[in-house]
Amino acid sequence: MDQNPKGDWLFEITPKNQFFRLHLKEVWQYRDLLMLFVKRDIITLYKQTILGPLWYLIQPIFTSVIFTIIFNNVAGIKTGTIPPFLFNLASITAWNYFSVCLTSTSDTFKANAGLFGKVYFPRIIMPLSIVISNLLKFGLQMLILISFYIYYVASGFNISPNGTVFFFPIVVILMGLLGLGLGMIISSLVTKYRDLTFLVTFGIQLLMYVSAVNYPLELIKAKMPAFSWVVEWNPMAYIIETTRFMILDFGSFSLVGFTYTVIFAIVIFFSGLLVFNKAERSFIDTV
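These numbers were taken from a predicted model, which means no experiment stands behind them.

Undergrad: Sorry, what's going on with the nonpolar core here?
TA: It is characteristic of soluble globular proteins that their nonpolar side chains tend to be buried jointly. Of all hydrophobic cores here, the largest spans 62 residues; its most connected members are W95, F98, F168, M175 and L248. Every element with two or more residues in this core is listed here: α3 (55-74), α4 (84-105), α7 (125-154), α8 (168-190), α9 (196-209), α10 (217-223), α12 (235-248) and α13 (255-279). Element by element, the count of residues in this core is highest for α4, at twelve residues. In terms of nonpolar packing, the next biggest core, distinct from the first, is built from six residues, F37, V38, F121 and I125 among them.

Undergrad: I would appreciate a short explanation of the packing of α3 against α4 in the present structure.
TA: How two helices pack is summed up by the angle between their axes together with the distance between the axes. At a minimum axis distance of 8 Å, the contact between α3 and α4 shows a crossing angle of 130°. On the basis of the axis angle, α3 is oblique to α4. As α3 packs across α4, the resulting crossing turns out to be right-handed. Only P84, F85, N88, L89, I92 and N96 of α4 make contact with α3, whose side of the interface consists of Q59, P60, I61, T63, S64, V65, F67, T68 and N72. For the contact of α3 with α4, a count of residues per class yields eight nonpolar, seven polar and no charged.

Undergrad: What exactly am I supposed to notice about the confidence of the model for the protein here?
TA: In low-pLDDT regions, the fine details of the predicted coordinates are not to be read closely. For the protein, per-residue confidence averages 83 on the pLDDT scale, and 84% of positions sit at 70 or higher. Of all the helices and strands in the protein, helix α6 (residues 113-116) carries the lowest mean pLDDT, 69, while α12 carries the highest, 94.

The rules behind each value
By convention here, each chain's residues receive numbers from 1 onward along its written sequence. For this predicted model, a pLDDT threshold of at least 70 governs which residues receive local features, and a threshold of 80 or more governs which side-chain atom pairs are given and counted, while totals over whole chains, interfaces and linings are taken from all residues. Note that the side-chain values use all heavy atoms of the structure and ignore hydrogens as well as water. Nine residue types can take part in a nonpolar core, namely buried Ala, Val, Leu, Ile, Met, Phe, Trp, Tyr and Cys, and a core is a set of them joined through side-chain atoms within 4.5 Å. For every residue, the accessible area (1.4 Å probe, protein chains only) is compared with the maximum for its type, and the residue is labelled buried under 20%, exposed over 50%, or partly exposed between those bounds. Only DSSP runs of H or I with at least four residues qualify as helices, and only runs of E with at least two residues qualify as strands; both kinds are numbered from the N terminus onward. Angles run from 0 to 180 degrees between N-to-C directions of axes, and those axes are lines fitted to C-alpha atoms, restricted for helices to the stretch in contact. In this scheme, roughly parallel covers angles under 35 degrees and roughly antiparallel covers those over 145, while 65 to 115 is roughly perpendicular and the rest are oblique. Helix crossings fall into two classes, left-handed where the near helix is turned counterclockwise from the far one by less than a right angle and right-handed where it is turned clockwise. Here, residues are in contact when the closest pair of their heavy atoms is within 4.5 Å. Gly falls in the polar group here, along with every residue not listed as nonpolar (Ala, Val, Leu, Ile, Met, Phe, Trp, Tyr, Cys, Pro) or charged (Asp, Glu, Lys, Arg). A residue's pLDDT is the predictor's confidence in that residue, given on a scale from 0 to 100.

Okay, here's the thing in structure tokens:
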């Protein structure tokens, strides 16, 4: 160890990091690097593309059209006084932010092995930058949702947001925490089990259908009470239902379900952070 003229230690040799050390202080110290990664993700997102950010506007619109045709027109799922297209667009906009956070962060170690092996910085910065940069994509899709919202209101539909819409940022934070936490856990496992990457791609598609994205939560309780517990135990189902309740004033708000979602999201985030920090010590030997 060496000392500066003031007598303070410049370097200190310490034991290996403890399992329950979260490195949150280091994230703040490296906040400039975090913003650089966010900027990089945003720039590379639209680089060498023909339509640029329009791709992220086209996807939810076409998906909403397909859902409206299949689930509302063919299957006959009712959305009350809310236009089915707007119902689906609100659900898909919320779901897309969660799913892209999960899939993008689940490949963190594998995708950045070269960078991680050359220089030190808190590894949590990388998945955190992905979640933050994806807010831009979410914001663009929210603009599309608002545009269609205004169109339907101007067309005479009786639509108005619920008074709780001011708390919608909390719902967005919960989506980010869930996607980040699950993504970090999966990323840590992928360092040893590569085939989990394929499972994530397949699993995220199945998860959408048990997250009440294309149907009201009350419908599954009424139609399939024996299997409704699968949806009710899924925190994303409450997030999607709460999103529609806040923005469209459709559906119901469950305080118990929302509390469960908050607790689940926090537990998943910190669990993912602990697993991620443990995996970063040896991932370079397995990736």
